[in-house]
Structures are given as C-alpha cells and as structure tokens.
Amino acid sequence: MKKIDSKEFNFTRREFQMGALAAGLLAALPSWARAGEAKSTSGAESLRAHAAARGLLYGIAVNPALLDVEGVANGRSGDGYTRLIREQANIMVAENAMKWEALRPSASVFDFTLADRLMRFAGLTGQLVRGHNLCWHADNPDWLKTEATKDNARLLLTQHIEAVAGRYRGRLHSWDVVNEAILGKDGRPDHLRKSLWVELIGPEYIDLAFQTAARVDPQVKLTYNDYDIELDTPEHKEKREHVLQLLRGMKARGVPIHALGVQSHIGTDPDQKYTGLVELIRACGQMGLEVYLTEMDLNTAKIPGGNDAQDAAVAQTCRNYLGAVLAEPNVKAALTWGIDYSMSWLNKAKFDWATRPDGALLRCLPFDDDHQPLPAFFAIREALDRAPAHRA
Ligand code: G3I
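All residue numbers here refer to positions counted from 1 along the written sequence of the relevant chain. Given that this is a predicted model, residues contribute local features only at a pLDDT of at least 70 and side-chain atom pairs are listed and counted only at 80 or more, while totals for whole chains, interfaces and linings are drawn from all residues. For side-chain calculations, the full set of non-hydrogen atoms in the structure is used, while hydrogens and water are omitted.

**Topic: the pattern of salt bridges**
Piece 1. By salt bridge we mean one thing: a side-chain nitrogen of Lys or Arg within 4 Å of a carboxyl oxygen of Asp or Glu. Enumeration according to the criterion identifies 18 salt bridges in this entry.
Piece 2. A salt bridge links Glu-70 to Arg-117, with the nearest nitrogen and oxygen atoms 3.0 Å apart. Placement of the pair is Glu-70 in helix α4 (residues 69–73) and Arg-117 in helix α7 (residues 113–125), with a sequence separation of 47 residues.
Piece 3. Of the charged contacts, one joins Asp-358 and Arg-356 as a salt bridge, the two residues approaching to 2.9 Å between their closest N and O atoms.
Piece 4. A relative accessible area of 46% means that Asp-358 is categorised as partly exposed.
Piece 5. Several salt bridges converge on common partners, so that one network encompasses Arg-319, Glu-382 and Arg-386. For helices the rule is a DSSP run of H or I covering at least 4 residues; for strands it is a run of E covering at least 2, with both sets numbered from the N terminus onward. Three labels apply to residues, based on accessible area from a 1.4 Å probe with only protein chains included: buried if under 20% of the type maximum, exposed if over 50%, partly exposed otherwise in between.

Below, the structure is given as structure tokens:
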C-alpha cells in the first residue's frame, strides 16, 4: 500500500473551515440519512440481511404467478416485484397457491403449477418457503363441500396431506397444518369453529392433520396458525386462552406440533402493549414451541389524515409490536402478508372494516405501489436490529 507522507495533509485554512461545516451539517441529518447506505433498502440494508444478522427470518406472502422464475433461471434479477421479493425475504409463503382451492380443481385432479413455481423460484434464489395451509374451514373447493361425508372425510383429509406435504417433503421450513380452528362464538364447549372438518370428523381432525403431516414429512415444522390473539382486549384474551388450551391438549396427547403462527392482522392503536400476546408466546416457549408472525399487515382504516398520517401510524405500530414480540427468544420469524400495500387483500376485497372514509388505500405494508420503501420498512428494519440475537 502506498505510504502517504505528512505534507499531503496540509489543508488550507479555507479547506479546513469547509470540512468543519460539512461535518456539522452531517451530524444534524436524521439517522438514516447520515450514513448514506442506511437509506438504502437492498443488499446489506435489506430486511432479509438485517433479519439474518439477528438469526431471524423476515418473510413475505407472494403470488407465484407474478414471480419472474424464467428470468431468474436465466441469470436476470427480475422485474420490480421479483426483485423486491428476492431482495427482502429470507422466507416466502404462497398467499393462495398452496390452499385446497388452488390445488384441488376436482377430487381426482391436483394442480401444483403455482406451488411448484414458488418452490422452483425459492430453489433458484436460496430462499425458504413455508406452506399455507393443509386444513382450513375456508377456501375449500365446491366439490369438497358436496362430496365429503362422515364416512370419507378422514380419508379425504389424509390423502390431501399425503399428496401435498409428500410432494414437498424435506423442502419446506414449516407448514400451517391447521388454520383458524378456534372460534368461541360458535358455541362449542371445546371452542372449535363449526367447520366442515369438525362436523364430519369431530375435534380429532386437528390431531389427525398434524399426525399425518408429521408422518409424511418428519423434517418440516408443524404450525397451528390463527388470528385475533394479538391485542390486550377481552375478545383476544379469551381467544388466546382457547388457543393455549388447544396447544396444551395437543402436547399432552403427544401430537407432533412445533410452532404457533400468530397471523398479526392488526390495527394501529398506539396504546397497545401486546402484554397478553407476550404471555402466550412465553407459554408456548415453556412447551417448547416456536412462534412465527405469519401474516402481518396494519389496518389503517380508522387513521384520520392523509398518507403521512397512515405511514406514521403503521411505522409506530411496527416498532411497538415487533419490539414487544421479537424480544422473545422463541419468536423466530416475521412475515408480512404481501410487500406492496396496493396488492394487499385489505385493499382488494373492499371490506367495510378496511375501507377509509377518504377512499384511500390502506398503506398497510412496507413498500408502496412504486416499490419505494415506506416508513414501515425502516421501522421493521430497526425492530429487527433491536431484537436479541436468535438462533435461527
Ligand atoms: O384468482 C381469482 C380470479 O381469477 C377471480 O377473477 C377473482 C374474483 O373471483 O378471484 C380470484 O381469487 C381470489 C384470490 O384471493 C386471489 O385474489 C379469491 O376469490 C379470494 O377468495 C382470495 O382471497 C384470499 C383469502 O385468503 C381467501 O383464500 C386472499 O387473497 C388472501 O390474502 C387471504 O389470506 C388469508 C389467509 O390465507 C389466512 N389468514 C387470513 C388471510 C386474510 O383473509
């Protein structure tokens, strides 16, 4: 390396004054602007990199039909959506492509086209995939609703899991084996939702699904996934108790289960402390269960003001929520239910509870429709950085 001698450091008085002024201005800038790279969102500054640095997984629900698999297979980085997904996520989940509705056009036909597309993409980009979901009350094909009976329902469920979990054996991080089985207001003493599965098989459908998945793929982490268990409200508190009762029963019966999925479709209440959820997460830890935030998005329908007000509320909630739950060592992953808010289910289905008076879209995810980072991106990244180092 060339040695630089002292005379090269003789600044003029003017040069020294300019240098001091620049240093002062730099110090006055916001944190992310001070270090130029911190405003960047890619490479070492991506959510994927910051999560990995803490032994965590940040992930995204994706639509495999929009992924430029062929481009990536031919060495291209891919278009906006593709680039964003591969850049930001350690782990992906199909928003819809691995559900019964997508996989089972008829009782005798499986259509794995989109699911295989996601798996191929993940193989090319070195990303993980979680499966969603093997058993749900919703998104079941019409033929199942008409053809399933008390006599054949067990076989229909086990054959589905054998075919689907078998196809991806050893290649998935985790499966949402059963989704949203608890619904106290349905009035059952076991607090289970009155679904096709519980009506035709009985409450043991849950154990059957997990035992079948474990038999077919002994490597994948088997997850029970649910929503409305996040907030310190009486309703969420009651549902957490019912979920915990379910999990404890499964563990007591020796049913193979490895994780709880907390969907995290939440609002932006700045006063929420998520104390009850942290207690549930700790109870899961005592049972040896991991916890994944599986479907995070922020409903800003009730936030007055414009885009900046939405963005500020979403960012603050990301800091509060992730700050509370990522502090728990058994929380291993946080996935957002999409990456670009304009594509969110919250903005597609036009639910009245997800519609703003001003008609604006909910800015519920880390990027906007131009694939530019919103304040939520920086808040999530900051929360990942603050999390204690987790073993992946
Ligand atoms: O692809 C078809 C399209 O061809 C058709 O024209 C259109 C109109 O009928 O429907 C399209 O399919 C829709 C699909 O989303 C893709 O947009 C389905 O009707 C619609 O039911 C489906 O909604 C999904 C919903 O689950 C039900 O499966 C949402 O995208 C998805 O975000 C949502 O995700 C769920 C999780 O799986 C479980 N947790 C709650 C979460 C939000 O509801």
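From this point, the narrative continues.
**A look at the site of the ligand**
Piece 1. Surrounding the ligand, one finds 13 residues, the nearest of these being Glu-95, Lys-99, His-132, Asp-139 and Glu-295.
Piece 2. Polar contacts, as used here, are pairs of N or O atoms within 3.5 Å; protein pairs need one atom able to donate a hydrogen and one able to accept it. Residues neighboring in sequence count only if both atoms are side-chain atoms. Contact distances for the ligand include 2.7 Å between an oxygen atom and a side-chain N or O atom of Lys-99.
Piece 3. Within the side chain of His-132, a nitrogen or oxygen atom sits 2.7 Å from an oxygen atom of the ligand.
Piece 4. With residues, only the protein chains shown are counted as cover, and all accessible areas are computed by Shrake-Rupley using a 1.4 Å probe. Across the complex, the protein chains shield 48% of the 790 Å² of accessible surface that the ligand would expose by itself. In these notes, residues near a molecule or strand are those with any non-hydrogen atom within 4 Å of it.

**A look at the packing of helix α14 (residues 307–325) against helix α16 (residues 375–386)**
Piece 1. For helices, the fitted line uses only the C-alpha atoms of the stretch in contact; every axis is such a line through C-alpha atoms, and the angle between N-to-C directions lies from 0 to 180 degrees. α16 packs onto α14 with a crossing angle of 15° between their chain directions and a minimal axis gap of 8 Å. Taken together, the axes of α14 and α16 are roughly parallel relative to one another. α14 and α16 meet at a crossing whose hand is right-handed. Of α16, the residues touching α14 (which contributes Asp-311, Val-314, Ala-315, Cys-318, Arg-319 and Leu-322) are Pro-375, Ala-376, Ala-379, Ile-380, Glu-382 and Ala-383.
Piece 2. Polarity classes work like this: nonpolar for Ala, Val, Leu, Ile, Met, Phe, Trp, Tyr, Cys and Pro, charged for Asp, Glu, Lys and Arg, and polar for all others, with Gly in that last group. Its residues assigned to classes, the contact of α14 with α16 shows 9 nonpolar, no polar and 3 charged. Comment on the angle field: the value is read as roughly parallel under 35 degrees, roughly antiparallel over 145, roughly perpendicular from 65 to 115, and oblique elsewhere. Note: crossing handedness is left-handed where the near helix turns anticlockwise from the far helix by less than a right angle, and right-handed where it turns clockwise. Any two residues whose heavy atoms approach within 4.5 Å at even a single point are treated as in contact.

**Re the nonpolar core**
Piece 1. If you look at the biggest cluster of nonpolar residues, it comprises 105 residues, and the most contacted ones within it are Leu-157, Val-178, Tyr-205, Phe-210, Tyr-224, Leu-260 and Tyr-321.
Piece 2. Residues belong to a common nonpolar core when they are buried Ala, Val, Leu, Ile, Met, Phe, Trp, Tyr or Cys residues joined through side-chain atoms within 4.5 Å. Formed by 9 residues, the second largest nonpolar core is a distinct cluster that contains Leu-57, Ala-259, Ala-333 and Trp-337.

**Considerations on the pairing of strand β4 (residues 174–179)**
Piece 1. Counting buried positions along β4 yields 6 of 6 residues, so the element is predominantly enclosed.
Piece 2. Strands were regarded as paired on the criterion that DSSP finds at least two bridges between them. The pairing of strand β3 (residues 128–132) with β4 spans 3 bridges and is parallel. Across the sheet, the residue bridging to Arg-130 is Ser-174, located in β4.

**Side note on the packing of aromatic side chains**
Piece 1. Two rings from Phe, Tyr or Trp (for Trp, the six-membered ring) form a pair when their centres are within 6.5 Å of each other. A pair whose planes differ by under 30 degrees is stacked, one over 60 is edge-to-face, and the rest are tilted. This model, assessed by the stated rule, comprises 10 aromatic pairs.
Piece 2. When the centroid spacing of 4.4 Å and the interplanar angle of 10° are considered together, the rings of Phe-351 and Trp-353 count as stacked.
Piece 3. By relative accessible area, Trp-353 is classed as partly exposed at 41%.
Piece 4. A ring pair is formed by Phe-367 and Phe-377, whose centres lie 5.4 Å apart and whose planes are at 70°; its orientation type is edge-to-face. Residue Phe-367 is found in the loop between α15 (345–348) and α16, and its partner Phe-377 is found in helix α16; the two are separated by 10 residues along the sequence.
Piece 5. Looking at Phe-367, the relative accessible area reads 0%, which means it is buried.
Piece 6. Owing to a relative accessible area of 0%, Phe-377 belongs among the buried residues under this scheme.
Piece 7. Over the ring of Tyr-227 we find Lys-239; its NZ or CZ atom is 3.6 Å from the centre of that ring. Charge over a ring is defined by NZ of Lys or CZ of Arg lying within 6 Å of the ring centre and within 35 degrees of the ring normal.

**Describing the confidence of the model for the chain**
Piece 1. Scored by pLDDT, the chain has a mean of 92; 90% of the residues are at 70 or more.
Piece 2. Note: pLDDT gives the predictor's confidence per residue, expressed from 0 to 100. Contacts for the low-pLDDT stretch residues 1–11, under 50 throughout, to residues beyond four places or in other chains number 3 contacts.
Piece 3. Confidence over residues 22–37 falls short of pLDDT 50; this stretch has 6 contacts with residues more than four positions distant or in other chains.

**Quick look at the packing of helix α12 (residues 234–252) against helix α13 (residues 275–286)**
Piece 1. In contact at an axis separation of 11 Å, α12 and α13 are set at 5° when each is read in the N-to-C sense. With respect to α13, the axis of α12 lies roughly parallel. Of α13, the residues touching α12 (which contributes Arg-240, Leu-244, Leu-247 and Arg-248) are Gly-276, Leu-277, Leu-280, Ala-283 and Cys-284.
Piece 2. When grouped by side-chain class, the residues that make up the contact of α12 with α13 number 6 nonpolar, 1 polar and 2 charged.

**A closer look at the side chain of Gln-88**
Piece 1. Mapped onto the elements of the fold, Gln-88 is located in helix α5 (residues 80–88).
Piece 2. A relative accessible area of 0% places Gln-88 in the buried class.
Piece 3. Within the local environment of Gln-88, its side chain forms a polar contact with the backbone oxygen of Thr-41, the two atoms lying 2.7 Å apart.
Piece 4. Not counting the four nearest positions on each side in its chain, Gln-88 is found in contact with Thr-41, Ser-46, Leu-47, Arg-48, Tyr-58, Ile-60, Phe-367 and Phe-377.

**A look at the environment of Ile-281**
Piece 1. Relative to the elements of secondary structure, Ile-281 occurs in helix α13.
Piece 2. Spatially, the C-alpha atom of Ile-281 lies 6.7 Å from that of Val-291, the residues being 10 residues apart in sequence.
Piece 3. The contacts of Ile-281, once residues within four sequence positions are left out, are Val-291, Val-325, Glu-328, Asn-330 and Val-331.

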